[in-house]
Amino acid sequence: MSTETVDERAGHRRSLTVVSLTTLSGIAAALVSTMLASGATDTIGLYPLAGAIIIQLPVLRLLGVDVEDFGIKDNLYVAFMTFALWFVTWTILLTTEATL
């Protein structure tokens, strides 16, 4: 097995781990926001989002991702993907008036 194949697989696994964690964290934060906030204008709904963004780097480190190599672009990607999934999921939950 060549070194390039091993490096490609490691990079692919790293990408899948980061994307999976950011999307699941965003969805989980939206579910918590739905439980805590009384509506879209309630600012307490932002706290689960902030917590999800902050907790991801230690979780990624536990999952074996080398976060020391993360630059500003990688950190912004993690924050944006978490925000995007939180926003879309919470919007759907607010629009449908779902209760948890």
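Residues numbered from 1 in each chain as written. Predicted model: local features only at pLDDT ≥ 70, side-chain atom pairs only at ≥ 80, totals over all residues. Heavy atoms only, no water.

Engineer: Describe the overall build of the protein, naming the residues involved and giving the relevant values.
Structural biologist: Summing up its helical and strand segments, the protein has 3 helices and 0 strands in all. When the helices and strands of the protein are listed from N to C terminus, the series reads α-α-α. Here the protein has a C-alpha radius of gyration of 16 Å; the compact-globule value for 100 residues is 13 Å, and the former is much larger. Dimensions of the protein, computed from C-alpha atoms along their principal axes, come out at roughly 55 × 25 × 20 Å. Relative to its full complement of 100 residues, the protein shows a buried share of 28%. In the protein, the proportion of contacts linking residues at least 24 apart, taken out of those at least 6 apart, comes to 74%. Just so you have it, the protein exposes about 6,700 Å², and 67% of that area is on carbon and sulfur atoms. Taking the average place of the 5 positive charges on the side chains of the protein and the average place of its 9 negative ones, the gap between the two points comes to 6 Å. (Helix = DSSP H or I, 4+ residues; strand = E, 2+ residues; numbered from the N terminus. Rg over C-alpha atoms; globule rule 2.2 N^0.38 Å. Buried < 20%, exposed > 50% of the residue type's maximum accessible area, 1.4 Å probe, protein only. Contact = heavy atoms within 4.5 Å. Areas by Shrake-Rupley, 256 points an atom, 1.4 Å probe, with all protein chains shown as cover. Lys, Arg positive; Asp, Glu negative; His and termini not counted. Charge placed at Lys NZ, Arg CZ, Asp CG, Glu CD.)

Engineer: Describe in detail the pattern of salt bridges, supporting the description with residues and values.
Structural biologist: Taken as a whole and judged by the stated rule, the model has 1 salt bridge. Taking the shortest distance from any N to any O, the salt bridge between Arg-61 and Glu-68 comes out at 3.2 Å. Overall, Arg-61 belongs to the partly exposed group, its relative accessible area being 47%. (Salt bridge = Lys/Arg side-chain N within 4 Å of Asp/Glu carboxyl O.)

Engineer: Before we move on, could you go through unusual backbone geometry and cite the residues and values that matter?
Structural biologist: Note: most peptide bonds trans; most residues except glycine with negative phi. In the Ramachandran plot, Glu-97 falls in the positive-phi region, its phi being about 55° despite a non-glycine side chain. Residue position: Glu-97 is located in the segment after helix 3 (72-95). Since its relative accessible area comes to 67%, Glu-97 is described here as exposed.

Engineer: Could you give me a rundown of the packing of helix 2 (residues 46-62) against helix 3, with the residues and numbers involved?
Structural biologist: Packing of helix 2 against helix 3 leaves a shortest axis separation of 10 Å and a crossing angle of 145°. In the crossing of helix 2 with helix 3, the sense of the turn from one axis to the other is right-handed. Contacts between helix 2 and helix 3 involve Leu-46, Leu-49, Ala-52, Ile-53, Gln-56 and Leu-57 from the first element and Asn-75, Val-78, Ala-79, Thr-82, Phe-83 and Trp-86 from the second. Classifying every residue of the contact of helix 2 with helix 3 by side-chain character gives 9 nonpolar, 3 polar and no charged. (Axes fitted to C-alpha atoms, helices over the stretch in contact; angles between N-to-C directions. Left-handed = near helix turned anticlockwise from the far one by under 90°. Nonpolar A, V, L, I, M, F, W, Y, C, P; charged D, E, K, R; others polar.)

Engineer: Outline the side chain of Thr-22, listing residues and values.
Structural biologist: Residue placement: Thr-22 occurs in helix 1 (residues 3-36). Excluding residues within four positions of it along the chain, Thr-22 makes contact with Gln-56, Val-78, Met-81 and Thr-82.

Engineer: With reference to specific residues and values, describe helix 3.
Structural biologist: With 24 residues, helix 3 should cover 34 Å at 1.5 Å per step; its first-to-last C-alpha distance of 34 Å lies within 8% of that length. Those residues of helix 3 lying buried are Val-78, Met-81, Thr-82, Ala-84, Trp-86, Thr-89, Trp-90 and Leu-93. Of the residues one or two after helix 3, Glu-97 is the one with positive phi, at around 55°. (Expected span 1.5 Å × (residues − 1).)

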